[in-house]
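Single-letter residue listing:
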Amino acid sequence: MAGKPPTGDPVQDAPDVTAPQHAAAGLPAIAHTLRIANDQMGVRRTALTLLRVNQKNGFDCPGCAWPEPDKRHAAEFCENGAKAVAEEATLRRVTPAFFAEHSVAALAGRSGYWLGQQGRLTEPMYLAEGATHYEPVSWERAFDIIAEELTALTGPDEAVFYTSGRTSNEAAFLYQLFAREFGTNNLPDCSNMCHESSGSALTETIGIGKGSVLLEDLHQADLIIVAGQNPGTNHPRMLSALEKAKTGGAKIITVNPLPEAGLERFKNPQNARGLAGVGTPLTDLFLQIRLGGDQALFRLLNKLVLETEGAVDTAFVHEHTHGFEEFEAAARTADWDETLRATGLRRGEIETALRMVLASRRTVVCWAMGLTQHKHAVPTIREVVNFLLLRGNIGRPGAGVCPVRGHSNVQGDRTMGIFERPSTAFLDALEKEFGFAPPRAHGLDVVRAIRALRDGQAKVFFAMGGNFVAATPDTDVTEAAVRRARLTVHVSTKLNRSHVITGARALILPTLGRTERDRQHGGDQFVTVEDSMGMVHASRGRLAPAGPHLLSEPAIVCRMARRVLGDASRTPWEDFEKDYAAIRDRIARVVPGFEDFNARVARPGGFTLPHAPRDSRTFPTATGKANFTAAPVEYPAVPEGRLLLQTLRSHDQYNTTIYGLDDRYRGIKNGRRVVLLHPDDARAHGLDDGSYADLVSEWTDGSERRAPGFRVVHYPTARGCAAAYYPETNVLVPLDHTADTSNTPASKSIVIRIERQTDSS
């Protein structure tokens, strides 16, 4: 029997704290998974649903984008994936009666955790201008309201169309098509906040903004460097790939300010050694780097490789790269003292890393937001590319770049055209296929969209999934900006904070989830997704929809387009809604790599998109070769008496979705307002373990932002660095504190001071 949602917000200001763990998964992961799944879905539904996750004839996990192996385990899911499925397939329901009972103001006073625990949305809901409560509305009236506001705009660029990373390829393609037929490239998405720095750096250096490795490459690698990433919490199935690599003889270097249990030891719940044994040690060398010191580390490693006779793959460099001389001159100036200051590492640690690098013929570098969310994120990732190019480690089996994406189709959405700065080639293909002239001016990314809303330049905000106000930086500024909109619209499966921070008018449009059967006039439909390594495959839900009034995301876009664009559109929106194969036929003619889409995706396991650097060592850059770069080394400057804060996830969350109040591997239970400090740093600020403090960020314009009431936890983080969970600390991230080039919020390097509270109440 599934449990009921909480009726009141649990107390979060007095967490229990124990020592952090040194191993991930094992029996505790299984027990926790089953408890949450049974509480949300019940025993029978849990068994039926979880056994279809990530199977070739099942549905894609709505969690992360880690790829599946060709040969799959019967339980091809991780703990956090099971939590994501349980939250979507829950038996809890949010009905019109719920909204009648709770005003928007009352809901805004609840935590994001409480909102999410209420269950699935079941009917379209409308908040009229001046109203205090959402009320049910028909789909027809909902589309009329959208049309009223969109057609009343002075111009199409006053509308913003946001996308979360779980939107399917089919829905994403239709969504960007509608936005561009409407007349705007304002298509910000969650990539802007996460891996935009990766795309910017990789496009410039290797010609394609995606990773170059497949799952098999990790298994074949001699050395894997995992930098700025926590697979144990964020991509737990990656641990299985690392375990297989270790079995094959690979070495692993972990570069992170925090020790992470999953990278220390993995107790694989799918084998006896993981369940009853000691598990598999993963990390061979842990480099506990200071926040933002990664560019300096890789720059010095590059200098040391250059100084080692025979270490550079000169044939590869000569034949396949450009800009080596300028890079070499910059790299040879790398300074030991500056590097040790920037990284907080010891000379011996870097020398050990160098020996491992030189012993490896096949090296993979994996990274996530620990590298992408700094002001100098793009040059940092370019330096990683330099590091790999030096020894010919791109386009070689078992080697390459591996940016590990977050949400399950965030990479596919970009491939489908969800991008505020589309290429000329993509727009030309759209124009040829659909017979309209798409806008050519660049649109708004996430940060610029917030500014446009703040300044009254954008008046309609439409979100295809996600939790925009909780995911974005500078929470107070963002919420005030969203409230200035004429209309906010959210296509969602569950309640979240974005539904209660509204424009003058607001709509909630409930949609099908990945787990649910999608039956249209053309019969049962499936959608497709692209994983973090460029594999495209089908996803088929089997559960009955959470309510009779849900529409699929493709159906919502098609009906909105027909209502807003009317007879002026020659796009066959009605045909697309009836049969998603018709959408895929058009994708095949517009998006390179998707030729014969319907036939290829029908094969079990789908197909791999082409990747020229990986497949043929050809580089579609402006120079026709892979580009070495030579940016100055940067690292955050921290004034005396201040610390550098990174925002991060707990183990009981995925992005802004909070599954529970525990962070098991870090020893935190029943609370989220905690700040992790090195004991020496804490004592220097007069902060005992268990004391309470306010976190205050300081920005270059003299402004300050405050997050009050955080429990201090003495923790083995790097000196001078602090860590705390988002979205609670997004309030501390200045809107203008972004990465150069990519404009990604620099949420991993926030200068803060800590003010002790004299009374924890």
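As the structure is a computational prediction, the values presented were derived from the model and not from experiment.

Reading guide: rules and limits
- Residues numbered from 1 in each chain as written.
- Predicted model: local features only at pLDDT ≥ 70, side-chain atom pairs only at ≥ 80, totals over all residues.
- Heavy atoms only, no water.
- Helix = DSSP H or I, 4+ residues; strand = E, 2+ residues; numbered from the N terminus.
- Rg over C-alpha atoms; globule rule 2.2 N^0.38 Å.
- Buried < 20%, exposed > 50% of the residue type's maximum accessible area, 1.4 Å probe, protein only.
- Contact = heavy atoms within 4.5 Å.
- Salt bridge = Lys/Arg side-chain N within 4 Å of Asp/Glu carboxyl O.
- Phe/Tyr/Trp six-rings, centres within 6.5 Å; stacked < 30°, edge-to-face > 60°.
- Pairing = 2+ DSSP bridges.
- Axes fitted to C-alpha atoms, helices over the stretch in contact; angles between N-to-C directions.
- Parallel < 35°, antiparallel > 145°, perpendicular 65-115°, else oblique.
- Left-handed = near helix turned anticlockwise from the far one by under 90°.
- Nonpolar A, V, L, I, M, F, W, Y, C, P; charged D, E, K, R; others polar.
- Arc of directions from axis to C-beta.

Caption draft 1: Region of interest: the overall build of the chain. A count of helices and strands for the chain gives 32 helices and 33 strands. The globule rule puts the C-alpha radius of gyration for 761 residues at 27 Å, and the 25 Å found for the chain is close to it. Seen along its three principal axes, the alpha-carbon backbone of the chain occupies a region of about 70 × 65 × 55 Å. Put simply, the chain has 761 residues, and 65% of those count as buried. Of the contacts formed within the chain by residues at least 6 apart in sequence, a portion of 79% connects residues at least 24 apart.

Caption draft 2: Geometry of the pattern of salt bridges. As enumerated under the stated definition, the model contains 56 salt bridges in all. Arg-563 serves as the salt-bridge partner of Asp-144, at 2.5 Å between the closest nitrogen and oxygen. In this pair, Asp-144 is assigned in helix α7 (residues 139-151) and Arg-563 in helix α27 (residues 553-565), connecting sequence segments 419 residues apart. Its relative accessible area of 39% is what places Arg-563 among the partly exposed residues. Among the ionic pairs, Arg-562 bridges to Glu-577, the shortest N-O distance being 3.5 Å. You can see Arg-562 sitting in helix α27 and its partner Glu-577 sitting in helix α28 (residues 573-578), a full 15 residues away along the chain. Residue classification places Arg-562 among the partly exposed positions, given a relative accessible area of 38%.

Caption draft 3: Just the packing of aromatic side chains, in detail. What the rule picks out here adds up to 22 aromatic pairs. Aromatic side chains Phe-594 and Phe-607 sit 6.0 Å apart centroid to centroid with 85° between the ring planes, which places their arrangement in the edge-to-face category. With a gap of 13 residues between them, Phe-594 in the loop between α29 (580-590) and α30 (597-601) and Phe-607 in strand β23 (residues 607-608) connect regions that are remote in the sequence. As far as burial versus exposure is concerned, Phe-594 and Phe-607 are alike and both buried. Members of the aromatic cluster, connected to one another through ring pairs, are Phe-161, Tyr-175, Phe-178, Phe-182 and Phe-462.

Caption draft 4: The sheet that holds strand β8 (residues 223-227), seen in detail. Ordered in space as β12-β9-β8-β14-β15, the 5 strands form an open sheet in which the pairing is parallel. One side of each edge strand has no neighbouring strand; the edge strands of this open sheet are β12 (285-287) and β15 (400-403). Strand-to-strand twist of the sheet, defined as the mean angle between neighbouring strand axes without regard to direction, takes the value 15°. As judged from the 5 bridges shared by β8 and strand β9 (residues 251-255), these two strands associate in the parallel manner. Bridging across to β9, Ile-224 finds its partner in Ile-252.

Caption draft 5: Looking closely at the packing of helix α23 (residues 424-434) against α29. Taken N-terminus to C-terminus, the directions of α23 and α29 make an angle of 130°; their axes are 9 Å apart at the nearest point. Our classification of the angle between α23 and α29 gives oblique. Between α23 and α29 the crossing geometry is right-handed. Together, Phe-426, Ala-429, Leu-430, Glu-433 and Phe-434 of α23 and Arg-586, Arg-589 and Val-590 of α29 make up the contact between the two elements. Partitioning the contact of α23 with α29 into residue classes produces 5 nonpolar, no polar and 3 charged.

Caption draft 6: Focus on the sheet that holds strand β16 (residues 460-464). If you walk across this open sheet you meet the 6 strands as β6-β5-β18-β17-β16-β7, and the pairing is mixed. The open sheet is flanked by β6 (135-136) and β7 (159-163), the only strands paired with a single partner. With 2 bridges joining them, strand β5 (residues 125-127) and β6 adopt antiparallel strand pairing. Opposite Met-125, over in β6, you have Pro-136 as the bridge partner. Where α7 meets the sheet, its contacts fall on β5, β7, β16, β17 (487-492) and β18 (505-510), and the angle it forms with β18 comes to roughly 135°.

Caption draft 7: Up close: the pairing of strand β29 (residues 674-677). Side chains Val-674 and Leu-676 project from β29 onto one buried face, and the interleaved Val-675 and Leu-677 project onto a second face that is buried too. Pairing of β29 with strand β31 (residues 704-714), which is carried by 4 bridges, proceeds in the parallel orientation. Paired with Val-674 across the two strands is Arg-711, which belongs to β31. Where β29 meets strand β32 (residues 721-725), 3 bridges bridge the pair, whose relative direction is antiparallel.

Caption draft 8: Up close: the pairing of strand β25 (residues 643-648). Here β25 lies mainly inside the structure; 6 of its 6 residues are buried. The sheet contact formed by β25 and strand β33 (residues 750-756) spans 3 bridges and is antiparallel. Paired with Leu-645 across the bridge in β33 is Ile-750. Of the pairings in the sheet, the one linking β25 to β32 comprises 5 bridges and is parallel in character. When the bridges of β32 are listed, Leu-648 appears paired with Tyr-725.

Caption draft 9: Local environment of the side chain of Thr-571. You can see Thr-571 is positioned in the loop between α27 and α28. Residue contacts for Thr-571: discarding those within four places in its chain leaves Leu-177, Glu-181, Phe-434 and Phe-576.

Caption draft 10: Region of the structure containing helix α17 (residues 324-331). Those residues of α17 that fall on the buried side of the exposure criterion are Phe-324, Phe-327, Ala-330 and Ala-331. In a view along the axis of α17, the buried residues occupy a sector of 130°, so they form one face of it. Exposed residues pointing more than 90 degrees away from the buried face of α17 are listed as Glu-325 and Glu-326. Against the buried residues of α17 lie α15 (294-306), α16 (314-320), β13 (321-322) and α21 (377-390).

Caption draft 11: Region of the structure containing the environment of Asp-39. In this fold, Asp-39 is placed in helix α1 (residues 27-41). Assessed through its relative accessible area of 32%, Asp-39 is described here as partly exposed. Sequence separation between Asp-39 and Arg-92 is 53 residues, and the spatial gap between their C-alpha atoms is 9.9 Å.

Caption draft 12: Local environment of the packing of α15 against α21. Remark: α15 packs on α21, axes separated minimally by 9 Å, with the N-to-C direction vectors making an angle of 25°. One way to sum up the angle between α15 and α21 is to call them roughly parallel. The two elements α15 and α21 meet at a crossing, and its hand is left-handed. Between α15, through Asp-294, Gln-295, Phe-298, Arg-299, Leu-301, Asn-302, Val-305 and Leu-306, and α21, the contact on the second element is made entirely by Pro-379, Thr-380, Glu-383, Val-384, Asn-386, Phe-387 and Leu-390. Residue classes in the contact of α15 with α21 are distributed as 8 nonpolar, 4 polar and 3 charged.

Caption draft 13: Representation of the environment of Gln-295. For Gln-295, the position within the fold is in helix α15. When the C-alpha positions of Gln-295 and Ile-501 are compared, they lie 38 Å apart, and in sequence the two are 206 residues distant. Excluding residues within four positions of it along the chain, Gln-295 makes contact with His-376, Pro-379, Thr-380, Glu-383, Ala-631, Pro-632, Val-633 and Glu-634.

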